[in-house]
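Listed below, chain by chain, are the residues.
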Amino acid sequence: MLYSPVQPMHIPDGFLSTLVSIVLWVISAISVAYALRRVGKDLGERQAPLMGVLAAAIFAGQMLNFTVAGGTSGHLLGAAIATILLGPWAAVIVMTTVVSVQALIFQDGGLLALGANLFNMAVVGVAVSYFVYTSIQKLARGKSWGVFVVGALAAWFSIVIASLAAALELALSGTSPANIAVPAMGGIHMLIGVGEGLITVGALTFLYAARPDLLHIGEAAPKGSAAVWTGGLVLAVILAVLSPLASAHPDGLEWVAEQQGFLDTAQGPLYNVIPDYVFPGITNEAFATIVAGIVGVVIVFGVALGVAYVQRKRPTT
Amino acid sequence: MHLHFLDPYQHRASPVHALDARVKFVLTLAFILTASLTPVAAWPVYILLLAVILSVEILSGLGVGYVLKRSALALSFVLAALPVIFTIQGQTLFTLPIGAWTLTASVEGLERFVSVALKSWLSVQAAIVLAASTRFPELLQAMRAVGIPRLLAAMFGLMWRYLFVLVDEAMRLMRARAARSGRGTEAGSRSGGSVAWRARVAGGMAGSLFLRAFERSDRIYVAMLSRGYDGEVRALPLPPFTGAGRLSLAAGLAFLGLLLIFGIAFWG
Amino acid sequence: MHHSIEIEHLSFSYPDGHPALRDVSLHIAPGEKVALVGPNGAGKSTFLLHLNGILPAPAAKLPVTGQGQVTVCGLPVGQKTLGRVRAAVGLVFQNPDDQLFSPTVFDDVAFGPLYQGLDRADVERRVTSALAAVRMDGYARRVSHHLSAGEKKRIAIATVLSMEPEILALDEPTAGLDPRARRALINLLRDLPMTMLVSTHDLALVRDLLPRMVIMDEGKIVADGPTDGLMKDGELLEAHGLERPA
């Protein structure tokens with residue numbers, strides 16, 4: 001299989017509670033809508049084909065894997081390089097495009113979970129990349145070594161912080177306890193981040209040699225970037241502090257998850273007609289469960305077989 | 001070389017394929033939302049949802065086997081939910097001694113785990129059916145219909161168009177790398193270089209891919225300008241809704257709504 | 001009666017200072033079919049980009065320098081006439097993958113008419129007739145990426161035919177085509193009535209299709225005359241990196 005759809009950062013549907021999914025959808029939608037407005041204002045007509053094709057390039061670039069050790073391989077995620085090449089607003093759009101198309105076409109990440117995945121990769125990934133990138137660029141004062149050090153660090157931090165966000169979302173949804181999800185996701189991505197950093201530097205080296213003008217070294221930052229810088233800082237700090245805290249006190253987060261699980265279903269039960277029975281009319285619980293199971297299986301196969309039968313009888317169109 | 005295999009669309013002459021993409025898109029989202037909202041351990045509802053999606057798979061002519069094979073690829077994520085079996089407290093199911101530790105599995109934990117895995121499996125099947133039965137351009141129209149901004153829709157379209165072209169290029173780069181990745185004949189010589197070096201090589205390839213993308217986008221921009229592009233993204237108005245489309249949408253939503261009420265009423 | 005294309009003393013340099021065109025003057029009458037030949041880097045593509053005002057880049061804001069006047073169909077090419085000029089000159093680029101940037105064939109062929117501000121019915125009519133003109137009826141719903149090189153080329157031509165241009169400017173139309181696709185393309189171009197300027201290395205195509213030939217080298221026009229006459233001058237062809245077709 002050339003394209004492996006399993007990437008640990010792309011959360012599938014089912015793993016996030018509805019509330020977490022919807023809240024993150026709203027946050028992501030607002031962020032993307034704002035980024036779209038900024039891109040339209042700052043960059044103009046030239047930008048549409050550039051962002052679209054670069055999104056395709058990042059997708060294709062994710063296939064350029066390299067062997068790390070023992071059958072595992074590193075590959076690119078792309079938030080950092082997109083930020084460095086296009087600036088934060090366009091990078092949000094590019095990553096949104098990549099992550100959305102991956103979910104829609106390749107089921108790489110869920111559709112209801114897409115809001116959360118966009119938040120992790122397009123919002124947190126880009127904001128953290130931008131924060132790290134501009135901070136160290138300032139220290140390097142436009143020197144070229146800055147680009148490479150910065151590229152590696154921005155890539156590493158964006159991956160690790162985004163994975164912490166994903167871990168916290170899972171913990172908040174009551175799917176994976178924080179004291180396991182945070183160290184596991186964070187740990188894996190500290191390694192994956194090294195690969196991301198190395199590839200990002202490789203790509204920057206190539207671009208620096210071929211078209212240094214694309215890297216905008218020493219150019220003035222675009223307007224409004226202070227807000228992104230602050231956003232990146234805040235997100236990085238909150239996630240870096242919150243996740244170990246949550247990991248050390250999983251009960252706290254669990255409690256939130258429970259509360260929220262309660263909220264999710266607070267409207268029911270609507271009809272308490274048969275509260276004590278698993279299956280209407282049968283009092284023995286184990287027996288009723290078995291009957292329910294059999295009825296379920298019969299329903300599934302009955303419906304499926306019925307459809308198959310009707311389908312076969314239909315004249316071929 | 002053309003990478004058709006990347007495009008998940010599978011052409012069949014089925015009513016599922018013929019259904020208005022907007023209806024399919026909304027119903028898929030509604031199905032996933034229903035699965036998400038269905039309470040833990042509401043097994044009959046999960047079974048009914050499974051019956052629905054399996055029926056759609058058969059009706060679409062894609063076949064249950066095709067969808068199940070693809071859905072299996074996306075399921076490794078369930079590992080992330082495995083710990084809940086042991087961390088949720090409740091009626092003890094079994095205990096697992098590991099050295100000095102003892103893990104206690106609970107019935108409630110197992111129920112939560114199986115529910116999460118089922119939700120995920122049902123949702124991914126729905127997403128697979130949508131992608132395999134709907135051409136991407138129609139999906140794009142459906143997204144415009146539910147109100148995603150035009151510029152974003154244009155991005156999705158451009159990305160999808162050049163995905164295949166750039167993946168072709170990435171494959172050519174990788175083939176060129178493989179063709180030159182020989183192994184030394186001397187005993188004990190280590191081939192392949194260090195990890196950092198390999199990463200740098202992959203990075204260089206990614207860089208050249210980005211550079212080509214930049215240059216291609218320049219040429220595309222010129223091609224757009226020469227046909228009158230002025231920076232604003234324009235598109236034809238969407239085709240009108242048919243009565244059949246409206247009816248399927250209403251019936252589908254009503255059915256999913258009933259399932260959800262049923263689930264929440266008895267297991268909520 | 002105006003000329004289709006009138007170019008007076010056109011010069012142009014790229015940002016790195018490299019001069020691409022030096023004092024080029026050329027007149028082409030309506031309905032004329034002209035070949036533009038010369039070695040790689042002679043300035044042919046740069047010249048074509050001037051025909052509908054892509055260069056000297058008022059919109060792309062490139063720091064380039066150019067002078068001279070380009071007039072197409074009686075319209076002096078400038079910021080104010082850009083819209084009409086682009087509708088009058090259909091530019092077909094060398095690589096159809098650059099020209100076909102939409103998800104479907106229909107969207108691509110409809111792009112030009114859509115930007116001309118036509119309504120839905122007109123856009124659809126234009127798309128149908130453009131696809132018919134390149135003998136690709138029924139391809140509207142197809143995905144460009146899955147077409148063969150010859151089919152892509154014909155769709156690329158349809159994307160400008162749908163704008164109903166007076167002038168068709170093609171850059172290397174036969175590059176990369178197999179003999180059958182090439183032959184089909186030549187037959188297709190022969191049937192199109194508009195003024196045509198074709199930049200190419202394919203001298204057999206020039207001989208079969210284009211009665212007038214312009215040779216460019218190092219940004220200058222070095223010869224301009226009937227194809228039959230210039231083709232006989234083996235020395236001239238060789239001096240400018242060309243080869244008489246078998």
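Residues numbered from 1 in each chain as written. Chains lettered and ligands numbered in written order. Predicted model: local features only at pLDDT ≥ 70, side-chain atom pairs only at ≥ 80, totals over all residues. Heavy atoms only, no water.

Draft legend 1. Inspection of the side chain of A:T134 at higher detail. All names here are of chain A. Positionally, T134 belongs in helix α5 (residues 114–140). Its relative accessible area of 14% is what places T134 among the buried residues. Within the structure, the side chain of T134 is placed 2.7 Å from the backbone oxygen of Y130, a separation counted as a polar contact. Polar contacts involving the side chain of T134 include one to the side chain of W229, which spans 3.5 Å. (Helix = DSSP H or I, 4+ residues; strand = E, 2+ residues; numbered from the N terminus. Buried < 20%, exposed > 50% of the residue type's maximum accessible area, 1.4 Å probe, protein only. Polar contact = N/O pair within 3.5 Å; in protein donor to acceptor, adjacent residues only side chain to side chain.)

Draft legend 2. Spatial organisation of the interface of chain A and chain B. The partner chain B presents 91 residues to the 88 residues of chain A that form the contact. Here chain A and chain B share an interface that buries about 8000 Å² over both sides, 78% of which is from carbon and sulfur atoms. Viewed at the interface, chain B and chain A are joined by one salt bridge. In this structure, the salt-bridge partner of B:E215 is A:R211, at a minimum N-O distance of 3.9 Å. The tally of links from chain A across to chain B stands at seven residue pairs in polar contact (both at pLDDT 80 or more). For the side of chain A that touches chain B, the elements supplying multiple residues, two or more each, are α1 (18–43), α2 (47–61), β1 (66–69), α3 (79–86), α4 (88–106), α7 (178–210), α9 (250–264) and α10 (285–313) of chain A. (Contact = heavy atoms within 4.5 Å. Buried area = accessible area lost by both parts, 1.4 Å probe. Salt bridge = Lys/Arg side-chain N within 4 Å of Asp/Glu carboxyl O.)

Draft legend 3. Spotlight on the pairing of strand β1 (residues 5–13) of chain C. Residues and elements named next belong to chain C. By the bridge criterion, six bridges tie β1 to strand β2 (residues 19–28) in an arrangement that is antiparallel. Among the inter-strand pairings, L10 is bridged to a residue of β2, identified as V24. Count of turn residues in the β1/β2 antiparallel hairpin: five residues, of which G17 carries a positive phi of about 90°. (Pairing = 2+ DSSP bridges.)

Draft legend 4. Structural detail: α4(A). All names here are of chain A. Look at α4: 26 Å from first C-alpha to last across 19 residues, which is about the 27 Å you get at 1.5 Å a residue. Taken across its 19 residues, α4 has 19 buried, putting it largely inside the fold. Among the residues trailing α4, Q107 stands out with phi positive, at a value near 55°. (Expected span 1.5 Å × (residues − 1).)

Draft legend 5. Layout of the packing of aromatic side chains. Taken as a whole and judged by the stated rule, the model has 19 aromatic pairs over all chains. Ring centres of B:F136 and B:W160 lie 5.0 Å apart, and the angle between their planes is 20°; on these two criteria the pair is classed as stacked. In this pair, B:F136 is assigned in helix α7 (residues 136–145) and B:W160 in helix α8 (residues 150–179), connecting sequence segments 24 residues apart. Judged by relative accessible area, which is 2%, B:W160 ranks as buried. Seen from their ring centres, C:F12 and C:Y14 are 5.0 Å apart, and the 85° between their planes marks the pair as edge-to-face. Exposure remark for C:F12: the relative accessible area of 1% places this residue in the buried category. If you follow B:R22 out to its NZ or CZ, it ends over the ring of B:F241, 4.6 Å from the centre. Directly above the ring of B:Y162 sits B:R161, whose terminal nitrogen or CZ lies 5.1 Å from the centroid. (Phe/Tyr/Trp six-rings, centres within 6.5 Å; stacked < 30°, edge-to-face > 60°. Lys NZ or Arg CZ within 6 Å of the ring centre and 35° of its normal.)

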